[in-house]
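Reading the structure
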Amino acid sequence: MNLNPNFLAAPVALPLIFAALMLSISRWGRYSSLRLQQWLTGIALSGNLIVALLLLAYTLTGKRLVLQMGAWPAPYGITVLADTLSALMLTIGSILALCILPFAVATLDLHRERLGFYPLMLILMMGVNGVLLAGDLFNIYVFIEVLLMASFVLMTLGGTPSQINGGIRYVILNLLASMLLLTAAGVAYGSLGTLNLAQMAQRMDLAPDSIRWVLAGLMFIAFGSKAAIFPLFFWLPASYHTPHPAVTALFGGLLTKVGVYTLFRIFPLLYPTLLVTWRPMFFVIAGLTMTIGVLGAFAQPTIRRLLSFHIISQVGYMIMGLGLATADSRFGAGFALAAAILFMVHNMLVKTALMMGGGAVELEMGSGNLSAIGGLARRYPWLATIFFIAAFSLAGIPPSSGFGGKLSLLQVTFDTHHFTIAGVSIFVSLLTTMSMIRIWQYSFWGKYPGSRATAPPLENSRRRRMILAPMTVLVALSLLMGIFFGPSLRLASVAARQALDRDGYIQAVAPQKLVAQPEQTAAR
Amino acid sequence: MPSLLACLLLLALTSPTLWLIRPHRFRLAGVSAALPPLAVTIWQITQLGPTAAGDFTAERYAWAPQVGLEIALRLDGLALFFGLIVTGIGAAVAFYTHYYFENEEEQGRFYGLLFLFMTAMLGLVWSDNLLTLFVFWEGTSITSYLLIAFKYQYPDAKEGGRRAFIVTGMGGLALLAGVLLLGMAAGDYSISGIIATPGLTDSPLYPAALILVLIGAFTKSAQFPFHFWLPGAMAAPTPASAYLHSATMVKAGVFLLARLHPALSGTSLWFWTLLITGGVTMLLGAVSALRYYDLKAVLAYATVSQLGILVMLLAFDSSLAYKAVIVGILGHALYKGPLFLIAGIVDHATGSRDLRRLAGLARAMPWVAVAAGLAALSMAGIPPTLGFLAKETLLDAWLHADNLNQGGAMLGLTASALTGALFVAIALMLMWDAFFRAQAPADEPAAVHHAPSLAFTAAPLILVLTGSAIPFMLGSLNKLLFTAPVSAIAGEPTEVKLALWHGFTPVLMISLTAIAAGTGLFFVRSAIRKVLRRLPAELNGVVIFNQINDAVYGLANWVTRHIQGATMSSQAAITFTAAVVALIAAFTRISPATRIVIDWSQSPLAPETIIALLLIMAAIVTVRVPSRLGAIISLGVVGVMVTLFFIFFSAPDLALTQLLIEVLTVVLLVLVFFRIKPDNLPDISTARQVRNLLVAGSVGIAGFMLVLLSSGIQMGDSISSYFLYNAIPLGHGANVVNVILVDFRGFDTLGEIVVLATAALGGFALLRAPRLTSLRRRFLARHPELDTDTDADKGEGRA
């Protein structure tokens, strides 16, 4: 199969064009433009998904698709690149957005819709897609800014005091992290003379330890903040419960994982030796992230706050996998990274479904407070079933995707004799189960206390379908991932091997330009 | 032909079918539900011959071969023995359930969960791969959770289910870790492979693996100190209690120990852990059973005791003990299961399970009394029942325990005989109090208002009759049913010759003594109960469980309060500190080759020094000045000083841009803050000021060092020369910066434009936001229909 490299522009261009189009028609009429916007968003996201699937099919053969923006040769222009890891993330991201769209249509209030929810959602997707495809450090920074700004506006959309409070923490702490990333870009440009990731990788091998450490450290903090690792996660629980549930659902599955993705991308490519040297640090941070995250979840009174802390806890598992990315085990090289990628994909699906379920409960009951809700299993058995499967998939109960992710991560951790972190992760798994039991029993069992919502969305059969159908899709995907765990693992292994294959990456970006001194050839 | 998989699929598919067809409307639902497990039972019976001959049916299905995960099933003696119990009793329970739930709509859901459990349980006992086993193991835990909390409207059911799930879930995770360790030690997850691996007990991983596996087995099989979840599980509907929490699931731990016995036993760690845990559980359960009035609670503790016996027996390395285990499991399944079912019938008929309120049920329910009587005889170990056979073999195993010295064996024998006596007392108590005495002691005796139909009674009756028949068929069953599982536990072919009558042996004497002693205990049961009820509550595992539970929540609250409750400036300080730590770590890596050399000969020019000093002063003023406007203006001065630096380093376009931004920032901030009264900034405590100073100072120093660190190093040529050369020929622009922005790196610029546009959108949205001003509130009071805030928002806002 052959794919035109210009396809790589689509995941950025498509949402942008549609967002611009929607903004220009947003003042039409009172309702008609909204209906049109909903359809346009659906079309844009479907297009996105198709492109992502094409890219995935292409990259799964082991190839990378590279586009030099504006035909400026690497490293002078901006390189855009898709490999299996980025194509996989693109696909899952598009699926998530496509699933959240009907949920948003069914639950959003007119006020938020008219303030531009749909174009903002597309801009957010543009930012996410841009980060996933970027082959240039500064370009990553730019698209992180795009998604940060779009997410900030989405977060404060509606403008309630709690949203503003949470939003300010969100944006300030994230801007701090971005500033550190910018510093890293500056240092990289100053010392390595380039921002192209492939060329950075090439020159990093020759760079002194001090430069490598300083760049890796700054990037770990910057991207780690986005991924919400300990102790840089404060922005997340401060803000995620404040916006409309549709927004939380969109963020919960997607944003932190973009941060994790950048770590998965940057560390094997630029700092493979540090993955070994810094392994103890990765483990300490992974362990603390899982533990503090899950303990935080225990202390929360509302569904969405509780689920937000779980996001953090689960990121810890991914960092644990990253720490082992280059470790050799009897499962083959790169298996830990494959397991971590699988875990991440699982987490994106399940977390989004849970956030949608939690949001639906909150909207239905008029409150997300665990002590003010209950008895929903009898009223909405399908919602209960879906939520149950998702919750226990998160807790890693077989045959869900969560079990596969947990099992493979544990296996490689055991196999490389890292028993302490393995023990911590098992303990956290127990706490996760306890916490899922808590949320399940409070929301779905017990007595129905009566709803305080003015317009409970689940009571309307059309809106109920629009909420439950996408959740069902996500949970079904999670189950399929668990049932077809072998093939899923193979796919993740392709992604991991590609992410670890530095030479392949460097060659794909600029086979001849980077070998000799490029300046001479260029200055014709 | 994939027979084993077909059996599992048959049971699995029965679950949604029965769930959805609303079986409470069909008269024949009970029979139909019993058919699938019955079919599987019959198929298994046809396999008895081949299995006894060593010809095992085995199937493997790949799942994730990369990690050794597969569905591997193998019908060896032990698997077949347990499989028969699972589906045989399963068929009876499935039949019974229909009558237990009568016309209740919940029946369908119960059937659905019951068959899911049955599938998982059958898969568990048929597994030939530890990972397969684990998958089914978790399946039984989660279905058990849902069945215990089946009546989730009641707090008892919810709490009992939660406790059971957390305890068994913890055990499951321990088991997973143990399984992974075993897999590492043996290089294989296949059970037959692990059993065939010699010297597994010498592996350095063995002690850890064993302890983890034991935690898994002990939690599942309700061994002390994890036993407390089982009595709590009695909140489940009675068919579930009979099936899961007496006949099958709680035996999963025992099954696992029997399964891995050839590979893991034989060490003193194995022997003593099993012996002591099992022994303590055995006595504790039997004694506790006398404490309660609730029929199901009594039966639950008796079950705990029986599970203790089985675990204790598995400590030994003798074929006598293995025989005792197998007979014990079968006997227990065939008397305790029916007793639970009978408890359900009694509950149904009288509306009570309280021994203080029950009396004389034999008259109203003769067939139930017959079934109960036969079961109780077996429980008490009266010859010629299966229970008697089980007790005989148990005592015999003690008499021939060669791992122990004389004293130890005598102690064990006494304890076992005492447990036997307690069982006699319990059986007598159940029969006499509920069925035969004339008058109940309570003020409101429960009357039979609703005599059970014969169909309702049929299931326990059939099970009990099966159990009673077995001792008389030992001749053929020895070879067909008992030899293969005993050999599987032993790990080598072992001949089994069970018989009812051995003559007047010492074992028979002990047995008879125990029966006599038990009868004595029966008569003083009230006194025993009074003593037991005075014991402190701390002895009860539930209390400890709740304390641990509360401690976890307390810790969580503490941690969260200290971490998430911090102010934003503290949280920002942590990010800064992390950056400083990273930089310090990098500085430690400076090698002689990359040492920082500062060339002091190029002393700073005077104007730059002055600017730097002004900059520092303005920065100090910014943080020290007490008014907002003052701070904004001095911040502007800082910006202008930075701009001057740009001019000195010949970057006029940058300087121009920077100046514009500085001016705009000051103007905007002044406009915003002008409206905030009073102008004074809030006071900051000295401690926080010191902290801020430290953080800011270290960030400054680290930043300075960073510049030094990176400026001296240049790896390869910078790409900037390309831009300089090619701006005009290829970019057609003389201003290199502009060409970079709009052409070379135009993609970045596109992104930045989107950022700005989005920021504008955000500003627009915030301006249009429903501000909670008094004006707006008054407006909304008059026009509530225009309130666009969702209710969720309002709730959050108040929180």
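For the structure given in this document, a descriptive report is provided here.

Before going further, it helps to spend a moment on the overall build of chain A. Helices and strands together make up the secondary structure of chain A, namely 23 helices and 2 strands. Against the compact-globule benchmark of 24 Å for 524 residues, chain A has a radius of gyration of 22 Å, which places it among compact chains. Across its three principal directions, the C-alpha atoms of chain A cover 75 × 60 × 45 Å. Look at the contacts in chain A between residues 6 or more apart in sequence, and 81% of them connect residues 24 or more apart. By element, 65% of the accessible surface of chain A is carried by carbon and sulfur atoms, the whole surface being about 13,700 Å².

The end-to-end C-alpha distance of helix α23 (residues 541–564) of chain B is 34 Å, a good match for the 34 Å that 24 residues give at a rise of 1.5 Å each. Those residues of α23(B) that sit buried are B:Gly541, B:Val542, B:Phe545, B:Asn549, B:Val552, B:Tyr553, B:Ala556, B:Val559, B:Thr560, B:Ile563 and B:Gln564.

On inspection of all chains with the given rule, the structure shows 52 aromatic pairs over all chains. Judged by centre distance (5.3 Å) and plane angle (85°), the rings of A:Trp213 and A:Trp278 are edge-to-face. Linking A:Trp213 in helix α9 (residues 209–227) with A:Trp278 in the loop between α12 (272–277) and α13 (279–298), this pair joins segments that are 65 residues apart in sequence. Judged on exposure class, the residue A:Trp213 and its partner A:Trp278 are both buried. Relative to B:Phe316, the ring of B:Phe271 has its centre 5.6 Å away and its plane inclined at 75°; by these criteria the two rings are edge-to-face. Taken together, the residues B:Phe271 in helix α12 (residues 268–289) and B:Phe316 in the loop between α13 (295–314) and α14 (319–350) connect sequence positions 45 residues apart. Pair check on accessibility: B:Phe271 and B:Phe316 agree, each one buried. A connected cluster of aromatic rings, assembled from ring pairs, spans A:Phe387, A:Phe388, A:Phe392, A:Trp440, A:Phe444, A:Trp445, B:Tyr145, B:Tyr152 and B:Phe165. Lying across the ring of B:Tyr293, B:Arg356 places its NZ or CZ 3.8 Å from the centre.

Next up on the list: the pairing of strand β2 (residues 79–82) of chain A. Residues in a regular strand project their side chains so that they alternate between the two faces of the sheet. Residues and elements named next belong to chain A. Neither face of β2 is left uncovered, since the one carrying Thr-79 and Leu-81 and the one carrying Val-80 and Ala-82 both have all their residues buried. Here strand β1 (residues 65–68) pairs with β2 via 4 bridges, running antiparallel. Pairing of Leu-65 across the sheet is with Ala-82, part of β2.

Time to look at the environment of B:Asn540. Residue and element names in this part refer to chain B. Mapped onto the elements, Asn-540 comes out in the loop between α22 (525–533) and α23. Looking at Asn-540, the relative accessible area reads 28%, which means it is partly exposed. Put simply, Asn-540 and Pro-225 are 315 residues apart on the chain and 9.3 Å apart in space, counted from C-alpha to C-alpha.

For the structure on display, the rule yields 23 salt bridges over all chains. Notably, a salt bridge pairs A:Arg265 with A:Asp83, separated by 2.6 Å at the nearest N-O pair. Of the two residues, A:Arg265 sits in helix α11 (residues 245–270) while A:Asp83 sits in the loop between β2 and α3 (84–107), which places them 182 residues apart along the sequence. Owing to a relative accessible area of 0%, A:Asp83 belongs among the buried residues under this scheme. Linking A:Arg379 and A:Glu459 is a salt bridge whose minimum nitrogen-to-oxygen distance equals 3.6 Å. On the criterion of sequence distance, the pair formed by A:Arg379 in helix α16 (residues 376–379) and A:Glu459 in the loop between α19 (419–444) and α20 (461–483) is long-range, its members being 80 residues apart. Relative accessible area serves as the criterion here: at 38%, A:Arg379 is assigned to the partly exposed category. Within this structure, A:Asp136, B:Arg745 and B:Asp748 form a network of salt bridges that share partners.

With that settled, the discussion passes to unusual backbone geometry. Omega for the peptide link from A:Ala74 to A:Pro75 comes to 5°, which places this bond in the cis form. Along the chain, A:Pro75 falls in the loop between β1 and β2. In this model, B:Phe224 is joined to B:Pro225 through a cis peptide bond whose omega is 5°. Residue placement: B:Pro225 occurs in the loop between α8 (206–220) and α9 (229–232). The phi dihedral of A:Ala228 is positive, around 65°, even though this residue is not glycine. Secondary-structure assignment places A:Ala228 in the loop between α9 and α10 (235–239). What makes A:Ala228 buried here is its relative accessible area of 0%. Positioned with a positive phi, B:His732 is a non-glycine residue whose angle comes to about 55°. In this fold, B:His732 is placed in the loop between α29 (720–726) and α30 (736–744).

What counts and what doesn't
Residues numbered from 1 in each chain as written. Chains lettered and ligands numbered in written order. Predicted model: local features only at pLDDT ≥ 70, side-chain atom pairs only at ≥ 80, totals over all residues. Heavy atoms only, no water. Helix = DSSP H or I, 4+ residues; strand = E, 2+ residues; numbered from the N terminus. Rg over C-alpha atoms; globule rule 2.2 N^0.38 Å. Contact = heavy atoms within 4.5 Å. Areas by Shrake-Rupley, 256 points an atom, 1.4 Å probe, with all protein chains shown as cover. Expected span 1.5 Å × (residues − 1). Buried < 20%, exposed > 50% of the residue type's maximum accessible area, 1.4 Å probe, protein only. Phe/Tyr/Trp six-rings, centres within 6.5 Å; stacked < 30°, edge-to-face > 60°. Lys NZ or Arg CZ within 6 Å of the ring centre and 35° of its normal. Pairing = 2+ DSSP bridges. Salt bridge = Lys/Arg side-chain N within 4 Å of Asp/Glu carboxyl O.

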